[in-house]
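# Close look at the chain arrangement
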Amino acid sequence: MHANYIAGQWAEGPSQRSNINPSDTRDQIGRYAQADLNQVEQAIEAAHTGAPAWGLSSPQQRADVLDKIGSEILARKEEFGELLSREEGKTRPEGIGEFARAGAIFKFFAQEALRLRGDKLASVRPGLEVEVTREPIGVVGLITPWNFPAAIPAWKIAPALAYGNAVVFKPAELVPGSAWAISEIISRSGLPAGVFNLVMGPGSVVGQALLSDARIDGLSFTGSEGTGARIAQAAVQRGAKFQLEMGGKNPCVVLDDADLDTAVNCVVQSAFFSTGQRCTAASRIIVQKSIYAQFLERLAAATRSLRVGHALAADTQIGPVVDESQLAQDLHYIAMAKAEGARHICGGEQLKADTPGHFLSPALFADCDNRMQHCQEEIFGPVASVIPADNYEHALSLANDTPFGLSSGICTTSLKHATHFKRHAQAGMVMVNVPTAGVDYHVPFGGRKASSMGSREQGTYAAEFFTTVKTTYLQA
């Protein structure tokens, strides 16, 4: 049984939850503790007690801890990548790649701990000096989703610790294995007791306690739009800092001057890889009418050729859907698309394999209208809807016609259109001739509109959330 980690000690919970392999539902990966309110209270108190000293620790101490964590993750990336693939359903190369990214994130923030910057300014008043410095906000609650069970915890935990905060970490109930593996490494990294705490359990217990406790100075959340809105409201009411990454309904525009091989590759990777279970996935494919039929034919052939199967099989390109609930949601939207009049091209069927699992063939629909419900709501599965556009201006308008604004892509060989799209796409991240999913670990991640609230994650921009600014005057 995998225990919670509280105040420097492993603590079994009052109940447990099984971690089940979606590629083979007979495979129980492990049992993981489920915290009650008492354990959450202990974790918050431990973080509250440990935060002041860690906040005053030397940058070198923080750098050494984070570098050690990152080095061990990288050394064990194949072992952990297989664990991730077993519990979440990503293919083995994707699982290994995600843990490689997690390790790189810790090592990046090890150096950021040494590079925390400030300003020294001349005052407009004679004889005064002004310093602007950054300090940790205190105790942060981190709530992560199931679709990136290693990378997203890493890009929240690493900057939190690098900038001197204490952490109470709640991973997704569905995939606790990768988060627990990272936490076990952190437990041996040399952190003082209480600075990092792992509390696994349901959102109704652990998440709600983090949200309502005045000792939690900041909340960083990645998940659904509805839950994010409730977190924002509660955080504002008690004056806590918050950072929210929520949904996406990302477009990929294909213009008539695009290289079609590049465009098909961008769409297939954006829409279907990682089983479409990415907030940056492109589910709205907006294609200029003059190449619509030709592009659709190529895209359909590429979609039909994708190999769906067990996440650890060497020839698998698309793994299973994460669980029964997500599979039911995907099938619901596939039925909705058909009912709304979208032309079904291929896919969208449950598949049988050598092992019992949640396998779904990638679904492709054509002749869609952007006003259709399935074109406006996030599906979070391998479902792509192709929408015709009259010209570039029409395509841009369709791309921006969504309540979300996370990632937006375009395939074109026109510098004019690429430049215009970069400026006018209403999204936090814009991709030109590359998939909408896939962001380097050292650059800011986040969106606009209903996709994000608060400051960006990753890179140097992470300091905006995990630190507070202090302005100091000195008269010698």
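Before reading on, note that the structure itself is shown above.
A short tour of the structure in this document, coming up. The residue numbering used here restarts from 1 in each chain and proceeds along that chain's sequence as written. Given that this is a predicted model, residues contribute local features only at a pLDDT of at least 70 and side-chain atom pairs are listed and counted only at 80 or more, while totals for whole chains, interfaces and linings are drawn from all residues. Working from all heavy atoms in the structure, the side-chain values ignore hydrogens and water.

## With respect to the overall build of the chain
This is how it is decided: Secondary structure is summarised from DSSP: a helix means a run of H or I of at least four residues, a strand means a run of E of at least two, and numbering begins at the N terminus for each. Throughout, the radius of gyration refers to the C-alpha atoms, and the reference size of a globule is 2.2 Å times the residue count to the power 0.38. The buried label goes to any residue with under 20% of its type's maximum accessible area, the exposed label to any with over 50%, and the partly exposed label to all in between, with areas taken from a 1.4 Å probe on protein chains only. We call two residues in contact whenever any of their non-hydrogen atoms come within 4.5 Å of each other. Note on areas: Shrake-Rupley, 1.4 Å probe, and residue coverage restricted to the protein chains presented here. Asp and Glu are treated as the negative residues and Lys and Arg as the positive ones, with His and the ends of the chain left uncounted. A charged residue contributes its charge at one atom only: NZ of Lys, CZ of Arg, CG of Asp or CD of Glu.
When helices and strands are tallied, the chain shows 14 helices and 24 strands. Relative to the 2.2 N^0.38 estimate, which gives 23 Å for 476 residues, the radius of gyration of the chain is 23 Å and therefore close to what a compact globule would have. Dimensions of the chain along its principal axes, counting C-alpha atoms only, are 70 × 65 × 40 Å. The buried share of the chain, taken over its 476 residues, is 58%. Here the analysis covers contacts within the chain between residues at least 6 apart in sequence; of these, 72% occur between residues at least 24 apart. Accessible area of the chain: about 18500 Å², with a carbon and sulfur share of 51%. One finds the centroid of the 42 positive side-chain charges in the chain at a distance of 3 Å from the centroid of its 49 negative side-chain charges.

## Observations regarding the sheet that holds strand β13 (residues 282-288)
As a reminder, the rule being used: Strand pairing requires that DSSP identify at least two bridges connecting the strands. In this analysis, axes come from line fits to C-alpha atoms, helices being fitted only over the stretch in contact, and the angle between any two N-to-C directions falls in the range 0 to 180 degrees.
Judged by pairing direction, the sheet is mixed, and its seven strands sit side by side in the order β14-β17-β18-β13-β12-β20-β21 without closing on themselves. Two strands in the sheet have a free side with no partner beyond their single neighbour: β14 (343-346) and β21 (429-432). Taken over all neighbouring pairs, the strand axes of this sheet differ in orientation by 20° on average, direction set aside. Here strand β12 (residues 250-254) pairs with strand β20 (residues 407-411) via three bridges, running parallel. Looking at β20, one finds that Val254 is bridged to Cys411.

## Let's talk about the sheet that holds strand β24 (residues 467-475)
Read across the sheet, three strands follow the order β5-β6-β24 without closing on themselves; strand pairing throughout is antiparallel. Two strands close off the open sheet at either side, each with one partner strand: β5 (119-122) and β24. Neighbour to neighbour, the strand axes of the sheet diverge by 25° on average, direction disregarded. Judged from the nine bridges that link them, strand β6 (residues 128-136) and β24 form a sheet pairing that is antiparallel. Bridging from a neighbouring strand, Glu131 pairs with Thr472 of β24.

## Looking at helix α3 (residues 77-88)
Test applied: A helix is expected to span 1.5 Å multiplied by its residue count minus one.
For α3, built from twelve residues, the straight-helix expectation of 16 Å at 1.5 Å per residue is met to within 8% by its first-to-last C-alpha distance of 16 Å. The inward-facing, buried residues of α3 contact β3 (15-21), β4 (24-34), α2 (59-75), α4 (92-112) and α6 (176-187). Just downstream of α3, Gly89 is the residue with a positive phi angle, here 105°.

## Focus on the side chain of Asp27
Spelled out, the test is: Identification of polar contacts relies on pairs of N or O atoms within 3.5 Å, with a donor-acceptor requirement for protein atoms, meaning one able to donate a hydrogen and the other able to accept it, and with residues adjacent in sequence counted only if both atoms are side-chain atoms.
Along the polypeptide, Asp27 turns up in strand β4. Within the structure, the side chain of Asp27 is placed 2.8 Å from the side chain of Arg86, a separation counted as a polar contact. Non-local contacts of Asp27, meaning those with residues more than four positions away in its chain, are made with Asn19, Ile20, Asn21 and Arg86.

## As for the layout of surface pockets
We count it as follows: Lining residues are those with an atom within 4 Å of a point, where the points come from a 1 Å grid over the protein atoms alone and group into cavities, where a 1.4 Å probe fits but cannot get out, or pockets, open sets with protein on both sides within 12 Å along at least five of seven lines. Grid points are joined across faces, edges and corners, and a volume is the space filled by probe spheres set on the points. Ten residue types, Ala, Val, Leu, Ile, Met, Phe, Trp, Tyr, Cys and Pro, are classed as nonpolar, four, Asp, Glu, Lys and Arg, as charged, and the remainder, Gly among them, as polar.
Of the pockets and cavities examined, the largest pocket occupies roughly 1100 Å³. Along its surface, the largest pocket is lined by 39 residues, and Phe221, Thr222, Gly223, Ser224 and Thr227 are the ones closest to its centre. Residue contributions to the lining of the largest pocket peak at six residues, all from helix α7 (residues 203-212). Looking at side-chain class alone, the lining of the largest pocket contains 15 nonpolar, 15 polar and nine charged residues. In this structure, the second largest pocket spans a volume of roughly 410 Å³. Lining the second largest pocket are 22 residues, with Arg101, Phe148, Arg278, Gly438 and Val439 positioned closest to its centre. Listing elements by their share of the lining of the second largest pocket, those giving two or more residues are α4 and α5 (151-162). The biggest single contributor to the lining of the second largest pocket is α4, with five residues. Along the lines of polarity and charge, the residues of the lining of the second largest pocket split into eleven nonpolar, five polar and six charged.

## Concerning empty space enclosed by the protein
Overall, the coordinates contain three cavities of 30 Å³ or more when judged by the stated rule. Size it by volume and the largest cavity reaches roughly 90 Å³. Around the largest cavity, the lining is made up of 15 residues, and of these Gly276, Ala281, Ser283, Glu378 and Phe380 lie nearest the centre. Looking at the lining of the largest cavity, its residues break down into seven nonpolar, five polar and three charged. Reported here for the second largest cavity is a volume of approximately 70 Å³. Along its surface, the second largest cavity is lined by 14 residues, and Pro251, Thr402, Phe404, Gly405 and Ser407 are the ones closest to its centre. Within the residue set of the lining of the second largest cavity, elements represented by two or more residues are β12, α12 (392-400), β19 (404-405) and β20. Residue composition of the lining of the second largest cavity, by class: five nonpolar, eight polar and one charged.

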